[in-house]
Amino acid sequence: MMLPVVAQAQVSPPETQVNALEGLFGKQASFRRSHAKGVCASGYFVGNAVGRGLSTASVFNGDKVPVVARFSVGGGSPKASDKGKSVRALALQFTAANGEQWLTANISAPMYFVSKPEHFATFLQVRTPDPATGKPDPAKLKAFSDANPETLLQAGYLAKAPVPASYASANYWSTNAFELVNAKKESQFVRWQFVPEGGFVGLTDDQLKSLPDEFLADELRKRVAAGGATFDFKVQLADKTDQLTDPTKVWPDSRPVVPLGKLVIDKVEAGLGGACDKITFNPLVLPKGINPSKDPILLARPAPYGVSLGRRLTEAAK
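Now for a quick tour of the structure. Keep in mind that what you see is a predicted model, and the values were worked out from it rather than measured.

Parameters at a glance
- Think of each chain on its own: its residues are numbered from 1, step by step along the sequence as written.
- Local features are withheld for residues below a pLDDT of 70 in this predicted model, meaning they are given only at 70 or higher, and side-chain atom pairs are given and counted only at 80 or more; totals for whole chains, interfaces and linings count all residues.
- Based on all heavy atoms of the structure, the side-chain values leave hydrogens and waters out of the count.
- Think of it this way: any DSSP run of H or I at least four residues long counts as a helix, any run of E at least two long counts as a strand, and we number them from the N terminus.
- Under the scheme applied here, a residue whose accessible area is under 20% of the maximum for its type counts as buried, over 50% as exposed, and between as partly exposed, the area being computed with a 1.4 Å probe on protein chains only.
- Polar contact is the term for a pair of N or O atoms within 3.5 Å; when the atoms are in protein, one must be able to donate a hydrogen and the other to accept it, and sequence-neighboring residues count only if both atoms are side-chain atoms.
- Contact criterion: two residues are considered in contact whenever any of their non-hydrogen atoms come within 4.5 Å of each other.
- Centre distance within 6.5 Å is the pairing criterion for rings of Phe, Tyr and Trp, where only the six-membered ring of Trp is used; planes under 30 degrees apart are then read as stacked, over 60 as edge-to-face, and the remainder as tilted.
- Two conditions define a charge located above a ring, namely a distance within 6 Å from the ring centre to NZ of Lys or CZ of Arg, and an angle within 35 degrees of the ring normal.
- How far a helix is expected to stretch is found by multiplying one less than its residue total by 1.5 Å.

Thoughts on the side chain of Ser169
Then comes step 1: In this structure, Ser169 sits in the loop between strand 5 (163-164) and strand 6 (172-173).
Then comes step 2: The buried category is assigned to Ser169, whose relative accessible area is 3%.
Then comes step 3: A distance of 3.1 Å separates a polar side-chain atom of Ser169 from the backbone nitrogen of Ser166.
Then comes step 4: There is a polar contact of 3.1 Å between the side chain of Ser169 and the backbone oxygen of Val201.
Then comes step 5: In this view, Ser169 contacts Pro164, Pro196, Gly199, Phe200 and Val201; residues no more than four positions away in its chain are not counted.

Below, the structure written as structure tokens:
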């Protein structure tokens, strides 16, 4: 007697990544699966002549380009502590007068935590507590880390760095490489960074003890109300020997870093919600004059963002 064949649905890599986030942090209905805790803001960007020399992108033409921003704390919990040694993030949507958009998502570490898309879900799964013990399996975690030592670099960096005193006093890096192309069709690969105008400011252990778990959003609101928050937009210029497809590898400090413009944040939403909520900050949405590198991590980022958005919208509609 032939038994019926039961079809099993295949889970795509982007779904696997989002499922792994939910497995580690729990299903947080209507929240982003990564960087769940955040605040919407807005402002503008003004590019400069150096930017125009490196790229034909309309965002560098010198006009005030409207920006929708989202500042956030790393992880998939909307209740994550602002005092944690996790990344902070700055995601931006630029909309130029000609309608071109540029979306970018940046973090407060100069390196990403995995070098290959297929490692993303496993990185999370080996850190997910076993229901029987309430803790991750130490053997699986060690085996994965030993086989992929680059996955420990970001955590090592964050462990040594002070916790940022403000969303507006943290440095934010692209970690991925992009290609700038100018009017002469000259190409330059770069990684960019948003550098606070007042420099990085961190908190001491004593200062952290006196702060509540929720302070970043209110601090940013007060700071912006008192005069705004400004970042210098800079790019680090790659040498022909630099690694363009592995965001866990930091380029040497000897590579030139040049300013291409300024980002000004002049409004922060009073509470949860805002224009940033339904934006996926797909880093492959780029204006003419900025191209993606062949970094597989970069090319794989939009798909799980879309999966996460779909789940959030479905949950919000219920």
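Focus: the packing of aromatic side chains
Then comes step 1: Within the structure shown, the criterion is met by 19 aromatic pairs.
Then comes step 2: Taking 5.8 Å as the distance between ring centres and 85° as the angle between the ring planes, the aromatic pair formed by Phe45 and Phe233 counts as edge-to-face. Of this pair, Phe45 sits in strand 1 (residues 37-47) while Phe233 is found in strand 10 (residues 229-237), placing the two residues 188 residues apart along the sequence. Side by side, Phe45 and Phe233 carry an identical accessibility label, which is buried.
Then comes step 3: The lysine or arginine in question, Lys64, covers the ring of Tyr44, its NZ or CZ lying 4.3 Å from the ring centre.
Then comes step 4: Just above the ring of Phe123 sits the side chain of Arg127; from NZ or CZ to the centre is 3.7 Å.

Here's the deal with helix 1 (residues 13-25)
Then comes step 1: An ideal rise of 1.5 Å per residue puts 18 Å on 13 residues; helix 1 measures up with 18 Å between its terminal C-alpha atoms.
Then comes step 2: All of the buried residues in helix 1 are Pro14, Gln17, Val18, Ala20, Leu21 and Glu22.
Then comes step 3: Residues of helix 1 that are buried make contact with helix 3 (118-125) and helix 9 (302-317).
Then comes step 4: Where helix 1 ends, the next residue or the one after it, Gly26, has phi of about 85°, a positive value.

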